[in-house]
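Examination of the molecular architecture
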Amino acid sequence: MTVSVETVYAALATVKDPEIRRPITELDMVTGLSVDPSGVVGFTLLLTIAGCPMRETLVRDVTAAVRGVPGVTDLRLELGVMTDDQRTALREKLRGGPGKEIPFAQPQSRTRVYAIASGKGGVGKSTVTVNLAAALAARGLAVGVLDADVYGFSIPRMLGVTGKPTRVGDMILPPVAHGVKVISVGMFVDGNVPVVWRGPMLHRALQQFLADVYWGDLDVLLLDLPPGTGDIAISTAQLIPTAEILVVTTPQAAAAEVAERAGSIVNQTRQRIVGVVENMSAMTLPDGTRLELFGSGGGESVAASLGRLTGTTVPLLGQIPLEIGLRTAGDSGLPLVLSEPASPAAQALQGVADELAGKTRPLTRVPLGISPTGRRDRAGV
């Protein structure tokens, strides 16, 4: 059987770069492709950088794709590295031009950005964030998580991310865990070294994570904010004015009062509160009784108070029961919605994810409203 270059190229087009999530042929990573009469295929695979962490994965996927083509008898694969000019061209192709901008702040952006906020620490804000991210990704949505809690970063551990981001010039490719793209300042420090920054540096770090990281076409971006209404919360409102606030609290009255203050920032930033999540709700004991370890009513109180404050309806999206499994899942790097999806806490988190997913239209199915005559279709966007 005669094998054509076109057939092999089509097979290679099914291989996606693990970090960029686009076909390697589209990224100009395949060069010098040839097929001799005996069915031996040869080409060079250009890695974005020397020491690419995804090298073995790329070689494995490329080899499987080529050897799966009928008639191919052997593969002679060489590995190369992109030149500076090729990397520059790649960055411009991905960004749509030479400039750097925050894609989520552009009028045409269809990414829903949710800033997960709390008034105080220790309410499980990061736990809620990683589980919502994993649940939304499991629904087929393109999801990213930005760990904006610079001083208390914990997202990498909770999502099981151990790899470092790849730099292509001034563009950062975020690691992917459980189908979620993740970036955190914790990926750029050694060990458990504290980050000691003042306000301007915090703003610059957030801006860089939003503009320099290649997020691709996301349906949802979750920002895990630090507690309170400090620099990061203000910078988020400035850099992404359309970001919506999801407030996390516990049932405890003291925590609820502080959460109300965190949510009331929208009166100054003109943002919208998408809802409230009550974490650490009543625990169900082995005999079936419910133990309200942190009291009750906090979530309802925060939702009602923020509704009055903003003059809108602020829903209580979910009440997450206190479970040991929720804590151990975070420590292990496998979110509870994936490790124990039938547990009560996972079910409650899935319910919140359903609410957020219902507000999002996947980018892959957005009608462009283009007609051959150049006129906009009335049903288009």
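Sequence order sets the numbering: in each chain, residues are counted from 1 along the sequence as written. Only residues with pLDDT of at least 70 get local features here, since the model is predicted, and only at 80 or more are side-chain atom pairs given and counted; chain-wide, interface and lining totals rely on the full set of residues. Based on all heavy atoms of the structure, the side-chain values leave hydrogens and waters out of the count.

Looking up the protein in an unreviewed UniProt entry gives the name Iron-sulfur cluster carrier protein, with the organism given as Nakamurella multipartita. UniProt positions are given in the numbering used here, feature names are shortened, and annotations may be inferred rather than shown by experiment. The record held by UniProt for the protein lists under Function (unreviewed entry) the comment "Binds and transfers iron-sulfur (Fe-S) clusters to target apoproteins. Can hydrolyze ATP." As recorded by UniProt, the Subunit (unreviewed entry) comment attached to the protein reads in full: "Homodimer."

When the UniProt feature table is mapped onto this chain numbering, "domain: MIP18 family-like" (unreviewed entry) sits at residues 6-73. Under the DSSP-based scheme used, a helix requires at least four consecutive residues in state H or I and a strand at least two consecutive residues in state E, with every element numbered from the N terminus. Across residues 6-73, helical content stands at 29% and strand content at 21%; the span's end C-alpha atoms are separated by 16 Å.

Across the protein, pLDDT averages 87, with 91% of residues at or above 70. Confidence, expressed as mean pLDDT per element, reaches its minimum in the protein at helix α9 (residues 266-269) with 81 and its maximum at helix α12 (residues 336-339) with 97. pLDDT: the predictor's confidence for each residue, scored from 0 to 100.

This part takes up the domain arrangement of the protein. Those domain boundaries reflect an automatic or database domain assignment. Once the domains are mapped, the protein shows domain 1 (5-95) and domain 2 (103-358). For domain 1 versus domain 2, the distance between C-alpha centres works out to 37 Å. Two residues qualify as a contact provided that any one of their heavy atoms is within 4.5 Å of a heavy atom in the partner residue. Listed per partner, the contact involves 13 residues of domain 1 and twelve residues of domain 2. Buried area: the sum, over both parts, of the accessible surface (1.4 Å probe) that disappears when the two are put together. Across the domain 1 to domain 2 interface the summed buried area is about 1,100 Å²; carbon plus sulfur atoms make up 58%. It is Glu19, Arg91 and Arg95 that lose the most area in domain 1 upon contact with domain 2, and together they represent 47% of the buried surface on that side. One speaks of a salt bridge when a side-chain nitrogen belonging to Lys or Arg is within 4 Å of a carboxyl oxygen belonging to Asp or Glu. Taken together, domain 1 and domain 2 are joined by one salt bridge. Taking the shortest distance from any N to any O, the salt bridge between Arg91 and Asp170 comes out at 3.3 Å. Three classes are used, and their members are as follows: Ala, Val, Leu, Ile, Met, Phe, Trp, Tyr, Cys and Pro are nonpolar, Asp, Glu, Lys and Arg are charged, and the others, Gly among them, are polar. Class assignment of the residues belonging to the side of domain 1 that touches domain 2 gives a composition of six nonpolar, one polar and six charged.

Here we come to the sheet that holds strand β4 (residues 112-117). What makes two strands pair is DSSP finding at least two bridges between them. Strand order in the open sheet formed by eight strands is β8-β9-β5-β10-β4-β11-β12-β15, and the pairing between neighbours is mixed. The sheet is open, and its two edges are formed by β8 (176-177) and β15 (316-321), each paired on a single side. In the sheet, strand β5 (residues 143-147) pairs with strand β9 (residues 180-184) via five bridges, with the strands oriented parallel. Each residue of the ladder has a partner; that of Val145, found in β9, is Val182. Axis definition: a line fit to C-alpha positions, over the contact stretch in the case of helices; interaxial angles, taken between N-to-C directions, run 0 to 180 degrees. Along the sheet face, helix α4 (residues 125-138) touches β4, β5, β9, β10 (220-224), β11 (244-249) and β12 (272-281) and points at about 165 degrees away from the line of β10. Sheet contacts for helix α13 (residues 344-357): β4, β12 and β15; angle to β15, the most-contacted strand, approximately 165 degrees.

Side chains on a regular strand alternate between the two faces of the sheet. Only protein chains enter the calculation, and the probe is 1.4 Å; a residue is then buried if its accessible area is under 20% of its type maximum, exposed if over 50%, and partly exposed in between. Judged by how many residues are buried, β4 sits mostly within the fold: five of six residues are covered. Both β4 and β10 contribute to a ladder of five bridges, which runs parallel. Considered in β10, the bridge of Ile116 is made with Asp224. Alignment of β4 against β11, held across four bridges, turns out to be parallel. Bridge assignment links Tyr114 to a residue of β11, and that residue is Glu244.

What follows deals with the UniProt feature "binding site: ATP" (unreviewed entry) in the protein. In the numbering used here, UniProt assigns the feature "binding site: ATP" (unreviewed entry) to Gly119, Lys120, Gly121, Gly122, Val123, Gly124, Lys125 and Ser126. Mapping Gly119 onto the fold places it in the loop between β4 and α4. With residues near it in sequence (within four places) discarded, Gly119 still touches Pro227, Gly228, Val258, Ala259 and Ala262. Looking at the secondary structure, you find Lys120 in the loop between β4 and α4. Overall, Lys120 belongs to the partly exposed group, its relative accessible area being 35%. What Lys120 contacts, discounting residues up to four positions off in sequence, is Pro227, Ala255 and Val258.

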